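Listed below are the residues making up each chain.
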Amino acid sequence: MDQGDAVPIAELWEERRFLLDVAHWMLGDPGAAESVVDEAYQRWYGLSDVARRQVAVPRSWLAKTVGGICLGRLALPGRGAADHEAGHGRQSEVEEEAGRVVLNALESLSTTERAAFVFRAFGMAPGTVADIVGRTEPELAELAERARQWLQSQRTRSTTPQQHDAVVHTVRRACATEDGELLTPSLCPDVTAFFDGGGKVRALTGPVHGSRPVARSLLTLLARRPRTTLTTHSVNGRTGLVARYGRQVAAVISLDVANDRVAQVWVMLNPDKLRSWNQPHADGGAGSDESA
């Protein structure tokens, strides 16, 4: 190995963990995920030295390769039984970490919907995802949104608008005051948060699971700083949260509520998708109920 190929151990570990998470969410099985990631690295080292040096971002190349391998495996008949056997013994532990309810709901999606949602949830650029899935970027956006709505319907139980609003106001107050002891009990124990930066900002890559990790992530993201505000606002037809830096909308957060707690958090950070929120008419019609 050339000295220029050396990579810090922390980066190597984080890269492999990222690839394993992508494969696990695609296939729903940790054993199958290990196999896919191993195959991706085999393909990487199967390239010539010259070809490897021409890859500008190895992690992106590996992620694209993992995605392609997963899609190929999903297309195989009888995949489920083989994958279950491969992951036997580790499944319950890993599913607990990865959000068992969401993984089960993903099984109900079509392969392309699942791929569109998972790859976008892990921060892959739209062009890369469209190339993996074999769809145009507008088609990809529609597939990802359809998958998001399906997951929302699977998690959100019968909740009245008043109950929903009460939970959202509590979350806003907890984030505005940086009160983790107030925020954590407002989240379901198996809550999942998705951060969509679209590859345009340094958002978290991959879902975050569990009330305490999600609370820490939100409190870090929304930490009070000069010129930052957090308000309630209608998001996708229900009360959500809008974070601003100055007069610019920096994040739009929708919350799915179940049994008086937040079951899923959807954080939009992609500047392209926030463009409509930053139009003059959007700012003028904010209609926020509370401000930080």
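Scope of this entry: the structure provided in the associated data block.

Calculation criteria
- Note on numbering: residues in each chain are counted from 1, in written sequence order.
- Side-chain atom pairs in this predicted model are given and counted only at pLDDT of 80 or more, local residue features only at pLDDT of at least 70, and totals for whole chains, interfaces and linings cover all residues.
- Heavy atoms from the whole structure form the basis of all side-chain values; hydrogens and water molecules are not counted.
- Burial classification: accessible surface area is computed with a 1.4 Å probe over protein chains only, and a residue below 20% of its type maximum counts as buried, one above 50% as exposed, and the rest as partly exposed.
- Each helix is a run of DSSP H or I of at least 4 residues and each strand a run of E of at least 2, with the numbering of both proceeding from the N terminus.
- A pair of strands is treated as paired once DSSP finds two or more bridges between them.
- Contacts are assigned to residue pairs with any non-hydrogen atoms lying within 4.5 Å of each other.
- What counts as a salt bridge is simple: a side-chain nitrogen of Lys or Arg found within 4 Å of a carboxyl oxygen of Asp or Glu.
- Every helix has an expected span of 1.5 Å times one less than the residues it contains.
- Here a polar contact means two N or O atoms within 3.5 Å. Within protein one must be a hydrogen donor candidate and the other an acceptor candidate, and residues neighboring in sequence count only if both atoms are side-chain atoms.
- To obtain the arc, one takes the directions from the helix axis to the C-beta atoms.
- To define axes, lines are fitted to C-alpha atoms, for helices over the stretch in contact only, and angles between the resulting N-to-C directions are given on a 0 to 180 degree scale.
- With respect to orientation, any angle under 35 degrees is reported as roughly parallel, any angle over 145 as roughly antiparallel, any angle of 65 to 115 as roughly perpendicular, and every other angle as oblique.
- Handedness of a crossing follows from how the near helix is turned relative to the far one, being left-handed for an anticlockwise turn of less than a right angle and right-handed for a clockwise one.
- The classification used treats Ala, Val, Leu, Ile, Met, Phe, Trp, Tyr, Cys and Pro as nonpolar, Asp, Glu, Lys and Arg as charged, and all other residues, Gly among them, as polar.
- Only rings of Phe, Tyr and Trp enter the pairing, Trp through its six-membered ring, and a pair is recorded when the two centres are within 6.5 Å. The plane angle decides the type: under 30 degrees is stacked, over 60 is edge-to-face, the rest tilted.
- Buried Ala, Val, Leu, Ile, Met, Phe, Trp, Tyr and Cys residues that are joined via side-chain atoms within 4.5 Å together make up what is termed a nonpolar core.

1. Remarks on the pairing of strand 5 (residues 248–258)
Line of reasoning, step 1. Burial analysis of strand 5 places 9 of its 11 residues in the buried class, the great majority of the element.
Line of reasoning, step 2. Sheet analysis places strand 4 (residues 238–245) next to strand 5, joined by 5 bridges and oriented antiparallel. Paired with Tyr 245 across the bridge in strand 5 is Gln 248.
Line of reasoning, step 3. Judged from the 7 bridges that link them, strand 5 and strand 6 (residues 261–268) form a sheet pairing that is antiparallel. Considered in strand 6, the bridge of Val 257 is made with Val 262.
Line of reasoning, step 4. The antiparallel hairpin formed by strand 5 and strand 6 contains 2 residues in its connecting segment, where Asn 259 sits at a positive phi of about 55°.

2. Considering the environment of Lys 273
Line of reasoning, step 1. Residue placement: Lys 273 occurs in the loop between strand 6 and helix 14 (280–284).
Line of reasoning, step 2. For the pair Lys 273 and Gly 197, spaced 76 residues apart in sequence, the C-alpha separation works out to 9.3 Å.
Line of reasoning, step 3. Contacts of Lys 273, omitting those with residues within four sequence positions, involve Arg 120, Asp 196 and Met 268.

3. Considerations on the pattern of salt bridges
Line of reasoning, step 1. Evaluated as defined, the whole model comprises 10 salt bridges.
Line of reasoning, step 2. Its salt-bridge partner being Arg 73, residue Glu 39 comes within 3.2 Å of it at the nearest N-O pair. Of the two residues, Glu 39 is situated in helix 2 (residues 30–46) and Arg 73 in helix 4 (residues 58–74); the sequence distance between them amounts to 34 residues.
Line of reasoning, step 3. In this structure Glu 39 comes out as partly exposed when scored by relative accessible area, which is 23%.
Line of reasoning, step 4. A salt bridge links Asp 196 to Lys 273, with the shortest nitrogen-to-oxygen separation between them at 3.2 Å. Of the two residues, Asp 196 sits in strand 1 (residues 187–196) while Lys 273 sits in the loop between strand 6 and helix 14, which places them 77 residues apart along the sequence.
Line of reasoning, step 5. Of the residues examined, Asp 196 reaches a relative accessible area of 12% and is grouped as buried.
Line of reasoning, step 6. Residue Lys 273 is classed as partly exposed on the basis of its relative accessible area of 37%.
Line of reasoning, step 7. A single salt-bridge network, built from bridges that share partners, covers Arg 16, Glu 34 and Asp 38.

4. Examining helix 2
Line of reasoning, step 1. Taking 1.5 Å per residue as the helical rise, helix 2 with its 17 residues ought to reach 24 Å, and the 24 Å between its terminal C-alpha atoms agrees with that figure.
Line of reasoning, step 2. Pro 30, Gly 31, Ala 32, Ala 33, Val 36, Val 37, Ala 40, Tyr 41 and Trp 44 are the residues of helix 2 that are buried.
Line of reasoning, step 3. One side-chain oxygen of the residue at the start of helix 2 lies 2.9 Å from the amide nitrogen of Gly 31, identifying that residue as Asp 29.

5. Comments concerning helix 9 (residues 126–133)
Line of reasoning, step 1. Among the residues making up helix 9, those that are buried are Pro 126, Val 129, Ala 130, Ile 132 and Val 133. One side of helix 9 holds all its buried residues, which, seen down the axis, span an arc of 160°.
Line of reasoning, step 2. One or two positions beyond helix 9, positive phi appears at Gly 134, with a value near 80°.

6. A few points about the packing of helix 8 (residues 111–121) against helix 9
Line of reasoning, step 1. Running from N to C, helix 8 and helix 9 point in directions that differ by 155°, and their axes come no closer than 10 Å. Relative to helix 9, the element helix 8 is oriented roughly antiparallel. Viewed along their axes, helix 8 and helix 9 form a crossing whose handedness is right-handed. Contacts between helix 8 and helix 9 involve Thr 112, Ala 115, Ala 116, Phe 119 and Arg 120 from the former and Pro 126, Val 129, Ile 132 and Val 133 from the latter.
Line of reasoning, step 2. Grouping the amino acids of the contact of helix 8 with helix 9 by side-chain chemistry returns 7 nonpolar, 1 polar and 1 charged.

7. Thoughts on the packing of aromatic side chains
Aromatic rings in a pair are described by how distant their centres are and how their planes are angled relative to each other.
Line of reasoning, step 1. All chains considered together, the criterion is met by 7 aromatic pairs.
Line of reasoning, step 2. Centre to centre, the rings of Phe 117 and Trp 266 are 5.8 Å apart; their planes meet at 70°, and the pair counts as edge-to-face. In this pair, Phe 117 sits in helix 8 while Trp 266 sits in strand 6, placing the two residues 149 residues apart along the sequence.
Line of reasoning, step 3. Residue Phe 117 is classed as buried on the basis of its relative accessible area, which comes to 6%.
Line of reasoning, step 4. The exposure class assigned to Trp 266 is buried, which follows from its relative accessible area of 7%.

8. Concerning the nonpolar core
Line of reasoning, step 1. Core analysis: the biggest nonpolar cluster contains 44 residues, and Leu 19, Met 26, Val 66, Phe 117, Val 118 and Phe 119 have the highest contact counts within it.
Line of reasoning, step 2. For this core, the secondary-structure elements that each account for two or more residues are helix 1 (9–27), helix 2, helix 4, helix 8, helix 9 and helix 10 (137–155).
Line of reasoning, step 3. Sorting elements by how many residues they give to this core places helix 1 first, with 8 residues.
Line of reasoning, step 4. Those residues within four positions of Phe 117 in sequence are excluded, and the remaining contacts are Leu 106, Ala 144, Ala 147, Arg 148, Leu 151, Phe 194 and Trp 266.

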